[in-house]
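Examining the three-dimensional arrangement
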Amino acid sequence: MEDESDEHFIYRLNDNGSGPSLLVKVCAERGWRIYQPCARGEDRWNLWWRAGAFPAACYKALGDWQFMNHIPKGGSICRKDSLSRLLRCMRRIYGSIYDFSPPCFHLPLEYAKLVSECSRLRRAEDGSGSNVVWIHKPVAQSQGRGIFLFRSVCEMRCGSAAVVQRYIERPLLIAGYKFDLRLYVCVPGYRPLTAYMYAEGLARFGTDKYTLSDIHNPYRHLTNSSLNKTGPRYAECKDRIGSGCKWTLKQVRRALVGRWGAVEWLVWQRIRALVTLTLLAQAAGTPPARNCFEFYGFDVLLDESLKPWLLEVNLSPALAADCEADVIVKQPMLHELFDLLGLPMRHTGLSLLQGPPTPLLNREDASCSSEEEGVAARSVPSRVKTAGPRRGQRWRRRRAMPIHCVTLQAPLPDTYTSTSCVAITPADCADESWRGGYATAASRRRMVSACTWGNGVRWHRSAPRVGRWVRIYPHTLPDDEQQLSMEDARESVAHVSKFVRAAREVVKESGRDIRAPRDSGRDAAFEASLRKKLGYGAQFEVWLPPF
């Protein structure tokens, strides 16, 4: 019997109350109620789901019982030009492990470089450069708008800011149709980086057979479902593909296993590494945030040698239910996403959901924190006037140390454990142990907030799997529950590189047995072998689509 005193969980959609129909359906199935704005209760909501980024003021006013689906500065990888710059920088530092994005030029800034590269290819001795295909993508548009292919710079139509990439001319085809993979990734925090990827996803097909003899037909070369569902052959029952333009990853796996065998298992591990490396490219510039998460849609293309290429990252992936594959994948995914984040199934209150309060600081720390955040009046009695700067002097903000320079110890041992995370009590929060140094008390408080959510979730002790959401980073957790090690980018990239090398060795050794079964039993054997090579325990999970 429901508790009459318990309040409903309230969700808010965008600024006008409208949102994807499938998201509304899932929220209703969980017993949540839609937000109703009123003059005296503007903050009476628990979850705010917004298509675009939130204003900075929204993060400052966020309560312990409130959650938002975007992290400050978490969308840098979602602009095509910004993503290209980040990956280019990481490739320059870490080398070929970041070689999963095609060569890219930013227009109009790098127009001269593009012309020079086209001229160089045209003068190639083998003559192959004259037929190179390029793809033009506007940086701030989605759903395939403004994208076209060309061979000569003279054919390019210049307009707004755009990127031009070398077109992947030999993609992997199924029954002659080009496709890409839509993968769903949840990042509850970047400091430290914690990332989950859903084991099921979508394959999106072009609705006309692929050929380079006709580069101006978008239904042959673009896989955006919003574009292809308007094509003339969308409803037609196509060879092996069927009607529509989407498969689930489970269908893709079954199509690849018969042809590629053990190499098919390796490609999913390479995709996992690709996603992790892309997130690491942005992590250094993302500030700690509490009660916020990012829900990305990664678009990955496989070429004919089964090498994965990153096409783009979507900030707000589509949650519409256009076909049966959408419902099969997205509806359970959203339910399990909310379970992962620790959001309730039915009621909860704006009473029960309030998490542990922020630890109280002493007068010296409070005054230091107030100086940085510009709220000194809160920590000083009203009758006392704070001294301003002398004439000719200016206040100088104290710069926090880089996050990877510090090792933070977690609070005292846990009081209770849930299925997806570990919760803490206010007493645990009050006893903070610190090693290393933070420049200000505000930096300490931001770090604690990033690790601990208001509903008691502690992401540095996160579960390796919740439903089909698999933790792809960190690979494993330290044995000491009171220790939170902060790795720098170099160590993180080294861990991913080690993971990829171990996966290749597993396939090389296990793939020799041609009599090995091509089913879930083979996957379990590969997982055990990979764990043994890496020296990881039960906290490590292999990400694989269902078979």
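Residues numbered from 1 in each chain as written. Predicted model: local features only at pLDDT ≥ 70, side-chain atom pairs only at ≥ 80, totals over all residues. Heavy atoms only, no water.

Going by an unreviewed UniProt entry, the protein chain carries the name Tubulin polyglutamylase TTLL2 and comes from Iphiclides podalirius.

Secondary structure assignment for the protein chain yields 15 helices and 22 strands. The burial tally for the protein chain puts 53% of its 547 residues in the buried class. The long-range share in the protein chain, meaning contacts at least 24 apart out of those at least 6 apart in sequence, stands at 71%. (Helix = DSSP H or I, 4+ residues; strand = E, 2+ residues; numbered from the N terminus. Buried < 20%, exposed > 50% of the residue type's maximum accessible area, 1.4 Å probe, protein only. Contact = heavy atoms within 4.5 Å.)

This brings us to the pairing of strand β11 (residues 193-198). Burial analysis of β11 places 6 of its 6 residues in the buried class, which makes it a mostly covered element. Here β11 shows no split at all, with Leu 193, Ala 195 and Met 197 on one side and Thr 194, Tyr 196 and Tyr 198 on the other all buried. Sheet topology note: the strand β10 (residues 177-190)/β11 ladder contains 4 bridges and is antiparallel. Considered in β11, the bridge of Val 185 is made with Met 197. Between β10 and β11, which pair antiparallel one after the other, the connecting turn spans 2 residues. Pairing of β11 with strand β21 (residues 469-473) involves 4 bridges; the strand directions are antiparallel. Residue pairing in the sheet places Met 197 in a bridge with Val 470 of β21. (Pairing = 2+ DSSP bridges.)

Take the layout of surface pockets next. Its boundaries defined by the atoms lining it, the second largest pocket holds a volume of some 830 Å³. Lining of the second largest pocket is provided by 37 residues; of these, Gln 143, Asn 314, Ser 316, Pro 317 and Ala 318 occupy positions nearest its centre. For the lining of the second largest pocket, the elements supplying multiple residues, two or more each, are β10, β12 (202-205), α6 (225-228), β14 (294-302), β15 (308-314) and α9 (324-340). The greatest single-element share of the lining of the second largest pocket, amounting to 3 residues, is contributed by β15. (1 Å grid on protein atoms, 1.4 Å probe; cavity = no way out; pocket = protein on both sides within 12 Å on 5 of 7 lines; lining within 4 Å. Points joined across faces, edges and corners; volume = space filled by probe spheres on them.)

Before going further, it helps to examine the side chain of Thr 207. Residue placement: Thr 207 occurs in the loop between β12 and α5 (218-221). Not counting residues within four places of it along the chain, the set of residues in contact with Thr 207 comprises Tyr 177, Tyr 219, Asn 228, Arg 233, Tyr 234, Lys 238, Gly 244 and Cys 245.

Vacant regions in the atomic arrangement are exposed by a probe of water-molecule size rolled over the atoms. For the structure on display, the rule yields 5 cavities of 30 Å³ or more. Space inside the largest cavity adds up to approximately 300 Å³. Contributing to the lining of the largest cavity are 24 residues, with Ile 135, Lys 137, Lys 178, Leu 222 and Leu 311 lying nearest its centre. Split into classes, the residues belonging to the lining of the largest cavity amount to 8 nonpolar, 8 polar and 8 charged. (Nonpolar A, V, L, I, M, F, W, Y, C, P; charged D, E, K, R; others polar.)

As a further point, take the sheet that holds strand β6 (residues 134-138). Taken in spatial order, the 4 strands of this open sheet run β5-β8-β6-β7, and their pairing is antiparallel. Looking at which strands have only one partner, the edges of the open sheet turn out to be β5 (104-107) and β7 (148-150). For this sheet the average axis-to-axis angle between neighbouring strands, irrespective of direction, equals 25 degrees. Pairing analysis gives 5 bridges linking β6 to strand β8 (residues 162-166), with the strands arranged antiparallel. (Axes fitted to C-alpha atoms, helices over the stretch in contact; angles between N-to-C directions.)

With that out of the way, let us pick up the nonpolar core. With 81 residues, the main nonpolar core has Leu 181, Trp 268, Leu 279, Tyr 296, Phe 298, Leu 530 and Trp 543 as its most contacted residues. Excluding its chain neighbours within four sequence positions, the residues that come into contact with Phe 298 are Ile 77, Leu 181, Arg 182, Leu 183, Val 185, Val 275, Thr 278, Leu 279, Leu 310, Glu 312 and Val 313. Tyr 198, Leu 334, Val 457 and Trp 469 belong to the second largest nonpolar core, which has 33 residues in total. (Core = buried A, V, L, I, M, F, W, Y, C linked by side-chain atoms within 4.5 Å.)

A separate point is the environment of Gly 285. Mapped onto the secondary structure, Gly 285 falls in the loop between α8 (262-283) and β14. Looking at Gly 285, the relative accessible area reads 48%, which means it is partly exposed. A C-alpha to C-alpha distance of 9.3 Å links Gly 285 and Tyr 190, two positions 95 residues apart in sequence.

Reading across from one edge, β2-β1-β3-β4 is the order of the 4 strands in this open sheet, with parallel pairing throughout. Of all the strands in the sheet, just β2 (33-34) and β4 (67-68) have a single pairing partner and so form its edges. Note: strand β3 (residues 47-49) against β4, 2 bridges, orientation parallel. Along β4, the bridge assignment pairs Trp 48 with Met 68.

Further remarks concern the packing of helix α1 (residues 21-29) against α9. Viewed as axis vectors pointing N to C, α1 and α9 meet at an angle of 50 degrees, and their least axial separation amounts to 10 Å. On the basis of the axis angle, α1 is oblique to α9. As α1 packs across α9, the resulting crossing turns out to be right-handed. Only Asp 326, Lys 330, Gln 331, Leu 334, His 335 and Phe 338 of α9 make contact with α1, whose side of the interface consists of Leu 22, Leu 23, Lys 25, Val 26, Cys 27 and Glu 29. By residue class, the composition of the contact of α1 with α9 is 6 nonpolar, 2 polar and 4 charged. (Parallel < 35°, antiparallel > 145°, perpendicular 65-115°, else oblique. Left-handed = near helix turned anticlockwise from the far one by under 90°.)

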